[in-house]
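Chain residues, written in single-letter form:
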Amino acid sequence: KTLGDKGTEEQYLRLARYYESEEKFAAAGRNYARCHMHAKAMRLFLRCGEEEIESAIKIVKAARTSPERPMLVRMLHAYLLGEKDGKPKEPKFVYLLYMAIGDHQKASKTAVIIATQEQKIGGYRTAHDLLFETLNELRNNKIAVPNELMRTLTLLHSYIIVRKLVERKKHKDAARMLIRVCKNISKFPAHTVPILTSCVIECARGGLKKSAYEHAVKLMQPEYRPKILQKVRKSIEKMVRRPPTKEEEEEVSPCPFCHFKVPNSLLTCPQCKNDIPFCLITGRHMVPGDFSLCPSCNTTALHSEMSQLAEAGQPCYMCKK
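Residues numbered from 1 in each chain as written. Predicted model: local features only at pLDDT ≥ 70, side-chain atom pairs only at ≥ 80, totals over all residues. Heavy atoms only, no water.

Draft legend 1. Here's a closer look at the overall build of the protein. Along the protein, the regular secondary structure elements total 15 helices and 4 strands. Once the C-alpha set of the protein is aligned to its principal axes, its extents read approximately 80 × 50 × 35 Å. By the burial criterion, 46% of the 321 residues in the protein qualify as buried. Of all intrachain contacts in the protein linking residues separated by at least 6 positions in sequence, the fraction that spans at least 24 positions is 43%. (Helix = DSSP H or I, 4+ residues; strand = E, 2+ residues; numbered from the N terminus. Buried < 20%, exposed > 50% of the residue type's maximum accessible area, 1.4 Å probe, protein only. Contact = heavy atoms within 4.5 Å.)

This is the structure in structure tokens:
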């Protein structure tokens, strides 16, 4: 009872009716879809629950030029919001629907909501990849990227590249990224103590003694102290008892817009107020004369750093290609 792509519309219709009579709604829906009976197919897919929602979204895509499409979108949207059964479905399905109908603004807002939820439970890579996918879709359609989406992606990327920087023994860059993350530590509730601990360690390794001390003091707060790993607790306690008097100034480099000297890890120019693109490899801001793009995803990277990455045969830290 399978015809592949070689059947006639009459054969697909007979097959759809057979599957429907057997209450095999997903198979019936697929065959009704081949007959361009979009509303019938949609209703059957929705009877299958969440496992066939993506099939329902494909119906919306397939009906792009059909006069039924607005009705199909309303039907699916109402189902996803739980208007009939009082059970809202996973936000990822709402996101996929918005992407399918080309409502990129709503898709980007939904993506940020989903990413925020994932971030809270420690799903940093999932959140990062969703935002990056949305970013590419917006750029491909020449739509301005919302600031909130870009800020959330930047923060997640700053955290994700820390391990890579540590592996390359770039402890100062790793420390700067962790300092950036720790300024928004409330957005990482699943790993607050490990992140603060890593920040202390990398700041110490990178020679940022004052920053190491400041974050060690945070770790001594009653809600964090019992959760510090035993193997590093004594060294952190010792650090807190000996506060440093000063710390070396962060290196600066010119803003690509106005050439004002900006600390390397700062992504907003204090002079011209522009948001400066960041390097996908180091997290530092981009500078004139050292500019490149990943050939796969077109994300900015310092050319000097991209060359090193290419020589080492490592993939892009953003798109993993």
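Moving on, there is more to tell.
Draft legend 2. Examining the layout of surface pockets more closely. A volume near 1200 Å³ is recorded for the largest pocket. Lining the largest pocket are 41 residues, with Arg 151, Thr 154, Arg 180, Leu 267 and Thr 268 positioned closest to its centre. For the lining of the largest pocket, the secondary structure elements donating two or more residues are helix 7 (104–120), helix 8 (124–140), helix 9 (147–160), helix 11 (171–182) and helix 13 (209–219). It is helix 9 that provides the largest number of residues to the lining of the largest pocket, a total of 7 residues. The residue inventory of the lining of the largest pocket, partitioned by class, reads 14 nonpolar, 13 polar and 14 charged. (1 Å grid on protein atoms, 1.4 Å probe; cavity = no way out; pocket = protein on both sides within 12 Å on 5 of 7 lines; lining within 4 Å. Points joined across faces, edges and corners; volume = space filled by probe spheres on them. Nonpolar A, V, L, I, M, F, W, Y, C, P; charged D, E, K, R; others polar.)

Draft legend 3. Structural detail: helix 2 (residues 25–34). Within helix 2, 7 of the 10 residues are buried, leaving the element largely enclosed by the surrounding structure. Considered for burial, the residues of helix 2 that qualify are Phe 25, Ala 26, Ala 27, Ala 28, Gly 29, Asn 31 and Tyr 32. Where the residues of helix 2 are buried, they touch helix 1 (9–21) and helix 3 (38–47).

Draft legend 4. Region of interest: unusual backbone geometry. A positive phi angle is found at Lys 273, which is not glycine, with a value near 70 degrees. Phi at Asn 298 is positive, roughly 65 degrees, even though this residue is not glycine. Summarising the element assignment, Asn 298 is placed in the loop between strand 3 (291–293) and strand 4 (300–302).

Draft legend 5. Examining the packing of helix 5 (residues 69–81) against helix 6 (residues 91–100) more closely. In contact at an axis separation of 10 Å, helix 5 and helix 6 are set at 165 degrees when each is read in the N-to-C sense. As the angle between them shows, helix 5 and helix 6 are arranged roughly antiparallel. Our pair here, helix 5 against helix 6, has a crossing hand that is left-handed. The residues of helix 6 that touch helix 5, namely those facing Arg 69, Val 73, Leu 76, His 77 and Leu 80, are Phe 93, Val 94, Leu 97, Tyr 98 and Ala 100. For the contact of helix 5 with helix 6, a count of residues per class yields 8 nonpolar, 1 polar and 1 charged. (Axes fitted to C-alpha atoms, helices over the stretch in contact; angles between N-to-C directions. Parallel < 35°, antiparallel > 145°, perpendicular 65-115°, else oblique. Left-handed = near helix turned anticlockwise from the far one by under 90°.)

Draft legend 6. Examining the packing of aromatic side chains more closely. Taken as a whole, this structure holds 4 aromatic pairs when the rule is applied. Look at Tyr 124 and Phe 188: their rings are 5.4 Å apart centre to centre, the planes differ by 45 degrees, and that puts the pair in the tilted class. With Tyr 124 in helix 8 and Phe 188 in the loop between helix 11 and helix 12 (192–205), this pair connects stretches of sequence that are 64 residues apart. The residues Tyr 124 and Phe 188 share a single accessibility class, namely buried. Among the aromatic side chains, those forming a connected cluster through ring pairs are Tyr 124, Tyr 159 and Phe 188. Over the aromatic face of Phe 25 sits the side chain of Arg 47, whose NZ or CZ is 4.1 Å from the ring centroid. A cation over an aromatic ring shows up here: Lys 89 above the ring of Tyr 79, its NZ or CZ 4.3 Å from the ring centre. (Phe/Tyr/Trp six-rings, centres within 6.5 Å; stacked < 30°, edge-to-face > 60°. Lys NZ or Arg CZ within 6 Å of the ring centre and 35° of its normal.)

Draft legend 7. Main features of helix 15 (residues 303–311). If you check which residues of helix 15 are buried, you get Glu 305, Met 306 and Leu 309. Along helix 15, the residues classed as buried sweep out an arc of 100 degrees about the axis, all on the same side. Those residues of helix 15 that are exposed and angled more than 90 degrees off the buried face are Ala 310 and Glu 311. Directly beyond the C-terminal end of helix 15, a positive phi value near 70 degrees is found at Gly 313. (Arc of directions from axis to C-beta.)

Draft legend 8. Local environment of the packing of helix 6 against helix 7. Here helix 6 crosses helix 7 at 160 degrees, and the two axes come no closer than 8 Å. Between helix 6 and helix 7, the crossing angle belongs to the class labelled roughly antiparallel. In this structure, helix 6 meets helix 7 at a crossing whose hand is left-handed. Listed contacts from helix 7 to Pro 91, Lys 92, Val 94, Tyr 95, Tyr 98 and Met 99 of helix 6 are His 104, Lys 106, Ala 107, Thr 110, Ala 111, Ile 114 and Gln 117. Per-class residue counts for the contact of helix 6 with helix 7 are 8 nonpolar, 3 polar and 2 charged.

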